[in-house]
Amino acid sequence: LPYEISLYWHQYPYNLGLPFCKIRALISEASTYVSVLTIVAFSMERFLAICHPLHLYTMSGLQRPVRIIAGLWVVSLLSAVPFAIFTDIDYIVYPPTNEKILDSAFCAMLSNPEGFPLWELSTCLFFAFPMLIMVVLYGRMGMQIRSRTQRTAELGVRNGSVNGPSRISQSRKAIIRML
């Protein structure tokens, strides 16, 4: 973040060197990936808590979340390595002479590596696939809450007044809307 903020004051030429350029690309991609994976992990925890509460209880403890978070960081860092490899210091070329303008240096990955669809793979693995997982998980959570409400009604259990919907029924509807 400090580097990204510094770009507002001094964007060109890039003068922090190639190693920092590659480290910045690695950290930037890895932090994005770990954010997405953490949201998916929280969604899975919610799913387990709502749909399989006893199973979640048997897996509780401090070591489990520490291992999950460490695993997410390892996967994120390893997945971000190709971005660090292919990021480079680039220059704008002056068209009439095809010379690099040295004062135009910037750190970026301008093109997809040949034969390796890096951006497409990243989009699928860290956007589309996590989104699909979360849609399925939250859909199943909503169905589970709704079926619990219907089973309670079928059993004839009433948790409210005779004249209107119960407070529990209203809160479950609010939970389903939130999901």
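Residues numbered from 1 in each chain as written. Predicted model: local features only at pLDDT ≥ 70, side-chain atom pairs only at ≥ 80, totals over all residues. Heavy atoms only, no water.

(A) Representation of the environment of Cys21 within the structure. With respect to the secondary-structure elements, Cys21 resides in helix H2 (residues 17-51). Each C-alpha atom of the pair Cys21 and Phe106 lies 9.0 Å from the other, and the pair is 85 residues apart in sequence. (Helix = DSSP H or I, 4+ residues; strand = E, 2+ residues; numbered from the N terminus.)

(B) Structural detail: the environment of Leu102. Locating Leu102 in the fold gives a position in strand E2 (residues 99-108). Classification of Leu102 as exposed rests on a relative accessible area of 61%. When the C-alpha atoms of Leu102 and Tyr91 are compared, they prove to be 6.7 Å apart, with 11 residues separating the residues in sequence. (Buried < 20%, exposed > 50% of the residue type's maximum accessible area, 1.4 Å probe, protein only.)

(C) Spotlight on the UniProt feature "transmembrane region" (unreviewed entry) in the protein. Within this numbering scheme, the UniProt entry marks residues 33-54, 66-86 and 118-138 as carrying the feature "transmembrane region" (unreviewed entry). The straight-line gap between the two end C-alpha atoms of residues 66-86 is 31 Å; of that span, 100% is helix and 0% is strand. A distance of 29 Å separates the end C-alpha atoms of residues 118-138, which is 100% helix and 0% strand. (UniProt positions renumbered as here; feature names shortened; annotations may be inferred.)

(D) Spatial organisation of the environment of Met109. Mapped onto the fold, Met109 is located in the loop between E2 and helix H5 (118-154). Separated by 87 residues in the primary sequence, Met109 and Lys22 place their C-alpha atoms 9.8 Å from one another. Setting aside chain neighbours within four positions, we find Met109 in contact with Phe83, Phe86, Thr87, Leu118 and Trp119. (Contact = heavy atoms within 4.5 Å.)

(E) Representation of the packing of aromatic side chains. All told, the structure shown has one aromatic pair when counted by the stated rule. Taken together, a centroid distance of 3.8 Å and an interplanar angle of 10° make the contact between Tyr33 and Phe126 stacked. Here Tyr33, found in helix H2, pairs with Phe126, found in helix H5; they are 93 residues apart in sequence, far enough to count as distant. Considered together, Tyr33 and Phe126 belong to a single accessibility category, that of buried residues. (Phe/Tyr/Trp six-rings, centres within 6.5 Å; stacked < 30°, edge-to-face > 60°.)

(F) Quick peek at the confidence of the model for the protein. A residue-level look at the protein finds 70% of positions with pLDDT of 70 or above and a mean pLDDT of 77. Taken element by element, the protein is modelled with least confidence in helix H6 (residues 167-178), mean pLDDT 60, and with most confidence in helix H4 (residues 63-86), mean pLDDT 90. (pLDDT = per-residue confidence, 0-100.)

(G) Geometry of the pattern of salt bridges. The tally for this structure, following the rule as stated, stands at one salt bridge. The salt bridge involving Glu45 is made with Arg64; its shortest N-O contact spans 2.8 Å. Of this pair, Glu45 sits in helix H2 while Arg64 sits in helix H4, and the two are 19 residues apart along the sequence. According to the relative accessible area criterion, Glu45 is partly exposed, its value standing at 24%. (Salt bridge = Lys/Arg side-chain N within 4 Å of Asp/Glu carboxyl O.)

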